[in-house]
Each structure stands twice: as structure tokens, then as C-alpha cells.
Amino acid sequence: NAGVTQTPKFRVLKTGQSMTLLCAQDMNHEYMYWYRQDPGMGLRLIHYSVGEGTTAKGEVPDGYNVSRLKKQNFLLGLESAAPSQTSVYFCASSGDLQPQHFGDGTRLSIL
Amino acid sequence: AQSVTQLDSQVPVFEEAPVELRCNYSSSVSVYLFWYVQYPNQGLQLLLKYLSGSTLVESINGFEAEFNKSQTSFHLRKPSVHISDTAEYFCAAPNTNAGKSTFGDGTTLTVKP
């Protein structure tokens with residue numbers, strides 16, 4: 001049982017480049033989330049989804065887009081990367097009112 | 001507004017000493033409460049959860065937390081910590097009818113030899 005898998009684990013981008021982070025879960029969870037974690041800032045919710053085909057904005061959505069075309073996958077896109085988006089990105093999934101299961105994170109550096 | 005407040009950002013403690021990490025929640029959040037642990041360079045893992053029933057919940061590695069409705073608290077305790085308990089700990093509550101959770105800002109526990 002793989003749980004939540006994030007791809008890639010590390011990435012270095014140049015300012016202005018685009019990329020997509022992939023999250024896959026095999027627990028049939030309805031809810032999926034993307035967070036960023038920066039030193040001293042805790043976890044901040046970027047976007048989330050309450051089911052296949054749905055997405056919603058979290059507290060820091062600017063500069064990111066997401067899609068949930070399949071229940072098991074949740075994609076996070078950066079259209080034009082900026083140095084301020086250097087961070088560790090975590091994906092998570094859960095059932096309703098249940099604990100979230102987290103991936104191991106993607107460490108993204110933007111130069 | 002829904003909120004989860006962790007009262008200490010950093011807790012240094014010596015090995016084998018007891019520790020308490022404090023978490024208060026607003027009464028508007030659900031009564032489901034969780035503690036997560038994050039070891040260096042890893043994602044968050046569920047440590048323990050309160051859903052209903054007994055107000056004292058325990059983890060497999062010796063941590064326990066008590067749900068206290070009158071004090072709106074869910075403090076995490078361990079009677080004797082180990083070096084390996086060094087990590088960041090997050091208190092969280094799922095938001096009813098919103099599909100997301102409210103997390104505290106985290107408490108860094110550092111266990112010193």
C-alpha cells in the first residue's frame with residue numbers, strides 16, 4: 001500500500017519556467033490537498049479538492065493552479081515560477097473528518 | 001472563526017524528562033482532534049487521534065493526549081522522552097462541512113542528551 005506518492009522529490013527551476021507536481025493516492029479518498037511549508041511559517045494550504053472534478057482555493061493560491069481529473073490524482077501547476085515559490089510542497093489526502101495522509105514532499109528551488 | 005493554537009513554538013527538554021506540548025482549539029471547530037509528527041526531511045504522520053469515546057488517547061510510542069472540552073485543550077504528553085522524539089509536532093482539527101483542516105503552527109520538540 002503506497003499511500004500518497006509525490007513526483008518529483010526534488011526539482012530546480014529557473015524563474016519563469018513552468019512545471020507540474022503530481023500527487024497520487026491509492027486509498028480511494030475523496031479529499032486531496034496541496035500545502036507548502038516554509039521555515040517558521042507552518043503549513044499553508046494552497047488548493048484543495050473535495051472530489052473528482054472539483055477544486056477550491058486555500059489560503060495562498062496565487063501563482064498556482066490545480067486539477068483533479070481523476071479521483072486518485074491531484075496536480076499542482078506553476079505556470080511561471082518565481083523565487084518566492086521556493087518551498088517544500090506536501091500533498092495529502094483524507095476521508096471526511098478523518099486524519100490526512102501526507103506524501104514525503106517535493107523540494108522545489110527556483111533560481 | 002475556527003482556530004487551533006499551539007502555545008509553544010519550541011520546547012527543549014533533556015532525555016528521559018517528561019514533556020507536554022500544548023494545543024487549544026476554538027469551540028467552533030469539530031470535536032475531532034489530531035496530533036501529527038514530522039521528522040526531519042519527511043512528511044507529516046498521524047501520531048494519535050480523538051474522534052469520540054475515551055478522552056484519553058494513546059500512541060504506540062508512548063505519547064498520550066487528553067481531550068478536555070471545558071478547557072478546549074488537547075495537550076500532548078510523554079512521561080519520558082528519547083532523542084528520537086526530536087521532531088515537529090502539529091495539532092489539527094478537520095473543519096466540518098468544509099473539506100479541509102485547521103492546523104496549528106507547530107511545536108519543535110528538541111530532546112537533548
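Overview of the structure.

Calculation rules
Residues numbered from 1 in each chain as written. Chains lettered and ligands numbered in written order. Predicted model: local features only at pLDDT ≥ 70, side-chain atom pairs only at ≥ 80, totals over all residues. Heavy atoms only, no water. Contact = heavy atoms within 4.5 Å. Buried area = accessible area lost by both parts, 1.4 Å probe. Salt bridge = Lys/Arg side-chain N within 4 Å of Asp/Glu carboxyl O. Polar contact = N/O pair within 3.5 Å; in protein donor to acceptor, adjacent residues only side chain to side chain. Helix = DSSP H or I, 4+ residues; strand = E, 2+ residues; numbered from the N terminus. Nonpolar A, V, L, I, M, F, W, Y, C, P; charged D, E, K, R; others polar.

1. Some points on the interface of chain B and chain A
Between chain B and chain A, the contact holds 22 residues from the first and 18 residues from the second. Taking both sides of the interface into account, the surface hidden between chain B and chain A amounts to around 1500 Å²; carbon and sulfur atoms contribute 60%. Broken down residue by residue, the surface that chain B buries against chain A is led by Leu44, Gly99 and Lys100 of chain B, which jointly contribute 28%. Seen at the junction of chain B and chain A, the total is zero salt bridges. Linking chain B to chain A there are four residue pairs in polar contact (both at pLDDT 80 or more). Going through the elements one at a time, β5 (33–38), β6 (45–50), β10 (87–94) and β11 (101–103) of chain B are the ones with two or more residues in the side of chain B that touches chain A. Its residues assigned to classes, the side of chain B that touches chain A shows 10 nonpolar, eight polar and four charged.

2. With respect to the pattern of salt bridges
All names here are of chain A. With the rule as written, the count across this model stands at six salt bridges over all chains. Lys71 is the partner of Glu30 in a salt bridge, and the nearest nitrogen-oxygen pair spans 2.8 Å. Linking Glu30 in the loop between β3 (19–25) and β4 (31–38) with Lys71 in the loop between β7 (64–67) and β8 (73–78), this pair joins segments that are 41 residues apart in sequence. Arg36 is paired through a salt bridge with Asp38; the nearest N and O atoms lie 2.9 Å apart. Each of the salt bridges in this network shares a partner with another, and the network as a whole consists of Arg36, Asp38 and Arg44.

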